[in-house]
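Residues per chain are reported as follows:
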Amino acid sequence: MGDFIDTALGFPAVVFTVLLAVVVCYWILVLVGGFDADADGWLDGALDRLGLGGTPATIVLSIVVAVAWFASLVGSVLFGAHPLLEILVLLASLAVGWLVANQLRRPLRRFFPTAPEASRHDFVGRECVIRTGRVGIDFGQAEVHAADGSSAIVQVRQTGPDTFAAGTRAVIYDYDTAGEFFWVVPADLSDRSKDR
């Protein structure tokens, strides 16, 4: 056990030992609710430029530090305490950590989607198809397609004199947050205004 501690606290492993202690403290604070593990920041942009983007920076850096720490321990044991070799072990450990993190971020990317969260307001401006026999001030449903191709049945309302039957095309022009429904107008309304 004494040799392990001596190696972990000796150069070059001590550099990564300190960083590993910081990483462990950070993840403990994340677990108790002190930090947000997915928080975006300037670090994500920096990692994108280094080719490590696609997953949260905290996870990528944690992988780099953990792997580099282990590689520096192995390198210190294999190559001894020669000053030139110690610097090479430090640089090689960092390179190994970067390579492993680069390989692991690809499968981890699917767990951290980068697209913005979908919102009901994304449907505003989209065309929909009425699915109920009528649409009024108090009743109506329509099918609308999202940008990703998925469809949803949503509550719709209208205040004009237009009549909507099942299968009628309409355009969503607003969302009522309090009532949780969309306001619609006939899709051919713009055609009618051009005819005038």
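Keep in mind that this is a model prediction, so the values were computed, not measured. (Residues numbered from 1 in each chain as written. Predicted model: local features only at pLDDT ≥ 70, side-chain atom pairs only at ≥ 80, totals over all residues. Heavy atoms only, no water.)

Draft legend 1. Up close: the nonpolar core. The biggest cluster of nonpolar side chains holds 14 residues, and the ones touching the most others in it are Cys128, Ile130, Val156, Ile172, Phe182 and Val184. Of the residues forming this core, the biggest block, 3 residues, is contributed by strand S4 (residues 169–176). Ignoring sequence-local partners within four residues, the contact set of Val184 consists of Cys128, Val135, Val156, Arg157, Gln158, Phe164, Ala170, Val171, Ile172 and Tyr173. (Core = buried A, V, L, I, M, F, W, Y, C linked by side-chain atoms within 4.5 Å. Buried < 20%, exposed > 50% of the residue type's maximum accessible area, 1.4 Å probe, protein only. Helix = DSSP H or I, 4+ residues; strand = E, 2+ residues; numbered from the N terminus. Contact = heavy atoms within 4.5 Å.)

Draft legend 2. The arrangement of the environment of Val124 in detail. Along the chain, Val124 falls in the loop between helix H5 (83–108) and strand S1 (127–130). Dropping the residues within four chain positions of it, Val124 is found in contact with Ile172, Tyr173, Asp174 and Tyr175.

Draft legend 3. Geometry of the packing of aromatic side chains. With the rule as written, the count across this model stands at 4 aromatic pairs. For the pair Phe123 and Phe182, a centre-to-centre distance of 5.9 Å together with 75° between the ring planes defines the contact as edge-to-face. Of this pair, Phe123 sits in the loop between H5 and S1 while Phe182 sits in strand S5 (residues 181–186), and the two are 59 residues apart along the sequence. Per residue, the accessibility class of Phe123 equals that of Phe182, and both read buried. Judged by centre distance (5.1 Å) and plane angle (75°), the rings of Phe181 and Trp183 are edge-to-face. Of the two residues, Phe181 and Trp183, neither departs from the other in class, the shared state being buried. Through pairs of rings, three or more aromatic residues link up here, namely Phe123, Tyr175 and Phe182. The ring of Phe181 has Arg157 lying over it, and the distance from NZ or CZ to the ring centre is 5.1 Å. (Phe/Tyr/Trp six-rings, centres within 6.5 Å; stacked < 30°, edge-to-face > 60°. Lys NZ or Arg CZ within 6 Å of the ring centre and 35° of its normal.)

Draft legend 4. View of the sheet that holds strand S2 (residues 141–145). The strand order around the closed barrel built from 5 strands is S1-S2-S3-S5-S4, with neighbouring strands paired in mixed fashion. Strand-to-strand twist in this sheet, taken as the mean axis angle between neighbours without regard to direction, amounts to 55°. Across 5 bridges, S2 lies against strand S3 (residues 151–157) in antiparallel orientation. Among the inter-strand pairings, His145 is bridged to a residue of S3, identified as Ser151. (Pairing = 2+ DSSP bridges. Axes fitted to C-alpha atoms, helices over the stretch in contact; angles between N-to-C directions.)

Draft legend 5. Region of interest: the environment of Ala187. Inspection of the secondary structure assignment puts Ala187 in the loop between S5 and helix H6 (189–195). The sequence separation of Ala187 and Val171 amounts to 16 residues, and the corresponding C-alpha distance is 5.2 Å. Aside from chain neighbours lying at most four places away, what touches Ala187 is Glu127, Arg169, Ala170 and Val171.

Draft legend 6. Just the side chain of Arg157, in detail. The residue Arg157 is located in strand S3 in this model. For the buried Arg157, which has no salt bridge, the nearest side chain bearing the opposite charge is Asp138, at an N-O separation of 6.1 Å. In terms of polar contacts, Arg157 uses its side chain to reach the backbone carbonyl oxygen of Gly140, at 3.3 Å. Filtering out sequence-adjacent residues up to four positions away, Arg157 remains in contact with Val135, Gly136, Ile137, Asp138, Phe139, Gly140, Phe181, Phe182, Trp183 and Val184. (Lys, Arg positive; Asp, Glu negative; His and termini not counted. Salt bridge = Lys/Arg side-chain N within 4 Å of Asp/Glu carboxyl O. Polar contact = N/O pair within 3.5 Å; in protein donor to acceptor, adjacent residues only side chain to side chain.)

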